[in-house]
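Fold and contact review
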Amino acid sequence: MAEITLSKYIEKIMSDAYGELLGPSILKEQCKNLNIDFEEIKVRDLKRIADRIFEVTKSFGEEKAREVKLRIINAKKIVEKSYGKQEWRNDERDGDTQVDLKEYSIAIGYYKKTIGELDLEKNLSDYARICKKIGSAFNRLEDYKQSILYYDNAIEAYKKLEDYSGLASSLNGKASSVWRLGEHEEALKIAENALKATERMPFGSRNEKKAKSIMMAGIYTTIGNIYLDLADKEKAVDYCNKAIDIYEELEMLGRAGGVYNNLARVYEDFGDFEQASKYYKKGVDLCKESGNIFMEGWTRFNLASVYAELGKPELAIEECDKSMRIMSSFNNRLGKSRVECMRGKAYKVMKEFEKATEHFERSLKLLRGIQAVDYIEITLYEFARMYADKGEREKAIEKLKEAVETHKDRPETITSKKIKGLLEKLQS
């Protein structure tokens, strides 16, 4: 495998933050202005690069600019080496680097190698931390059973260590994987245990208080998502608001914006489109203000969906255009597919059925090879609604049956219930 250089690593940081076109362009321009050879960035250059990039990107949102600055300064970790009894840390570091590069399978290989080098009696805390990282990496790969296995290893180790911060984080990670498997009630129990663990986290210093609050907000977000799938609107809204209150108090506007997106989705799924519109707009504003560009784009296509439901297709198209510029900059296939679906939905409202069909088909094409069953179902559902509006009942039924087959025997969700309900209505 090719060596990961500082140049490649920082380029990835910038791509993640500002898109695959704009991010590297900003980085290379600032290196040029600083008389730094981009291909030969050294550790001694990191502080100057970080300071300059902060100055030129803070207009996009200071929260994200500060985060990027810190990540660039900390990039020195990828070239630092440990020796003697701590040499195993080199493999952990290489695993961390691969996670940052979104090469999760490679990262898992490094982490597993690290575990094999540890003395578990002397390094139980290190073992727990690395198992948690493996659990997270498997979650990102959508291998939820393996994710749960490693989270369980971390949980047992953290219990022995009485490390409640690590325990809460691992339980929340496990809850997320169990939820993704469709075992909602079990996931809820695990997340509630994660909250109990946070109650025993240290709470003395300002940093400890902040860490505890951030942990709780993350768990509240998980619980809100679970309750949405369980169709419990009141509790889903309650837990989203709890997370938002913490993030806003801590002035973590990007994260607050992301949860506003979740909150709006609750109202959208329950048919309260005016309220959903209000919260999607709030999410867009906070993401934009903080510099959370990717989440801004994600929230915009959700806002487009609501505009279509409200009979405002022109506004929906405008939001789709803005979202697609962002999703294209990040080269995110899933995001692009969602934009195409919402374009189709907007054109359906405008009764431009040929254009709607074209965009629904583009959405499905982009989803091929991506393990995103929920989004495939949503596109098929909207496609079927279009055929139903056209009076082409058999074609609508065909799309709904395809959606049912896609869902298979997974536990029911709000979307799968809508699909079955429309199918029953059309077949009656």
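One structure accompanies this document, and this report is about it. The shown structure was predicted, so the numbers you read here are calculated from the model rather than taken from an experiment.

1. Thoughts on the overall build of the chain
- Of regular secondary structure, the chain possesses 21 helices and zero strands.
- Computed over its C-alpha atoms, the radius of gyration of the chain comes to 23 Å, within 12% of the 22 Å expected for a compact globule of 428 residues.
- Over its C-alpha atoms, taken along the principal directions, the chain stretches across nearly 75 × 50 × 40 Å.
- When burial is assessed residue by residue, the chain has 52% of its 428 residues classed as buried.
- In the chain, the proportion of contacts linking residues at least 24 apart, taken out of those at least 6 apart, comes to 58%.

2. Let's talk about the pattern of salt bridges
- Overall, the coordinates contain 37 salt bridges when judged by the stated rule.
- For the salt bridge of K102 with D16, the shortest nitrogen-to-oxygen distance reads 3.3 Å. Linking K102 in the loop between α5 (88-100) and α6 (104-116) with D16 in helix α1 (residues 6-18), this pair joins segments that are 86 residues apart in sequence.
- The partner of E340 in a salt bridge is R362, and the shortest N-O contact between them spans 3.9 Å. Residue E340 is located in helix α17 (residues 333-349), and its partner R362 is located in helix α18 (residues 353-367); the two are separated by 22 residues in the primary sequence.
- Given the relative accessible area of 8%, E340 is considered buried.

3. Quick word on the packing of helix α10 (residues 184-198) against helix α11 (residues 206-229)
- One can describe the packing of α10 onto α11 by two numbers: an axis separation of 10 Å at closest approach and a directional angle of 165°. Put simply, α10 runs roughly antiparallel to α11. Between α10 and α11 lies a crossing whose hand is left-handed. Contact with α10, carried on its side by H184, A187, L188, A191, E192, A194, L195 and T198, involves K212, M215, M216, I219, Y220, I223, I226, Y227 and D229 of α11 and no other residues of that element.
- The class makeup of the residues in the contact of α10 with α11 is 12 nonpolar, two polar and three charged.

4. Brief notes about the nonpolar core
- Ranked by internal contacts, the top residues of the largest apolar core, which has 107 residues, are I134, I223, L263 and L400.
- Setting aside chain neighbours within four positions, we find I134 in contact with I108, Y111, K112, I115 and Y150.
- Residues I13, Y18, I41 and I49 belong to the second largest nonpolar core, which totals 28 residues.

5. Remarks on the packing of aromatic side chains
- Following the criterion strictly, the structure yields 12 aromatic pairs and no others.
- Here Y220 and Y239 contribute two aromatic rings whose centre-to-centre distance is 5.8 Å and whose plane-to-plane angle is 50°, an arrangement assigned as tilted. Pair noted here: Y220 is in helix α11 and Y239 is in helix α12 (residues 233-249), with a separation of 19 residues, a long-range link. The residues Y220 and Y239 share a single accessibility class, namely buried.
- Consider the rings of Y260 and Y279, whose centres lie 5.9 Å apart with planes at 20°: the pair is stacked. With Y260 in helix α13 (residues 253-269) and Y279 in helix α14 (residues 273-290), this pair connects stretches of sequence that are 19 residues apart.

6. Quick look at the packing of α12 against α13
- For the pair α12 and α13, interaxial distance at closest approach is 9 Å and the crossing angle is 165°. Classed by the angle they form, the pair α12 and α13 counts as roughly antiparallel. By crossing handedness, the relation of α12 to α13 is classed as left-handed. From α12, K233, A236, V237, C240, N241, A243, I244, Y247 and E248 reach across to α13, where they touch R255, A256, V259, Y260, N262, L263, V266 and Y267.
- Residues belonging to the contact of α12 with α13 are distributed by class as follows: 12 nonpolar, two polar and three charged.

7. A closer look at the state of the cysteines
- Within this structure, the stated rule accounts for zero disulfides.
- C240 carries a free sulfur, and the closest cysteine sulfur to it, the one in C287, is 14 Å from it.
- The exposure class assigned to C287 is buried, which follows from its relative accessible area of 0%.

8. So, the environment of A187
- Tracing the backbone shows A187 in helix α10.
- Since its relative accessible area comes to 0%, A187 is described here as buried.
- In the structure, A187 is positioned 13 residues away from K174 in sequence and 7.7 Å away in space, judged by C-alpha atoms.
- For A187, the residues in contact, after removing those within four places along its chain, are A175, V178, W179 and I226.

9. Some thoughts on unusual backbone geometry
- Of note, N35 is a non-glycine position whose phi angle comes to about 60°, a positive value.
- Here N35 shows up in the loop between α2 (22-33) and α3 (46-57).
- By relative accessible area, which is 75% here, N35 ends up exposed.
- For K351, which is not glycine, the phi torsion reads 60° and is therefore positive.

Thresholds applied
- Residues numbered from 1 in each chain as written.
- Predicted model: local features only at pLDDT ≥ 70, side-chain atom pairs only at ≥ 80, totals over all residues.
- Heavy atoms only, no water.
- Helix = DSSP H or I, 4+ residues; strand = E, 2+ residues; numbered from the N terminus.
- Rg over C-alpha atoms; globule rule 2.2 N^0.38 Å.
- Buried < 20%, exposed > 50% of the residue type's maximum accessible area, 1.4 Å probe, protein only.
- Contact = heavy atoms within 4.5 Å.
- Salt bridge = Lys/Arg side-chain N within 4 Å of Asp/Glu carboxyl O.
- Axes fitted to C-alpha atoms, helices over the stretch in contact; angles between N-to-C directions.
- Parallel < 35°, antiparallel > 145°, perpendicular 65-115°, else oblique.
- Left-handed = near helix turned anticlockwise from the far one by under 90°.
- Nonpolar A, V, L, I, M, F, W, Y, C, P; charged D, E, K, R; others polar.
- Core = buried A, V, L, I, M, F, W, Y, C linked by side-chain atoms within 4.5 Å.
- Phe/Tyr/Trp six-rings, centres within 6.5 Å; stacked < 30°, edge-to-face > 60°.
- Disulfide = S-S within 2.5 Å.

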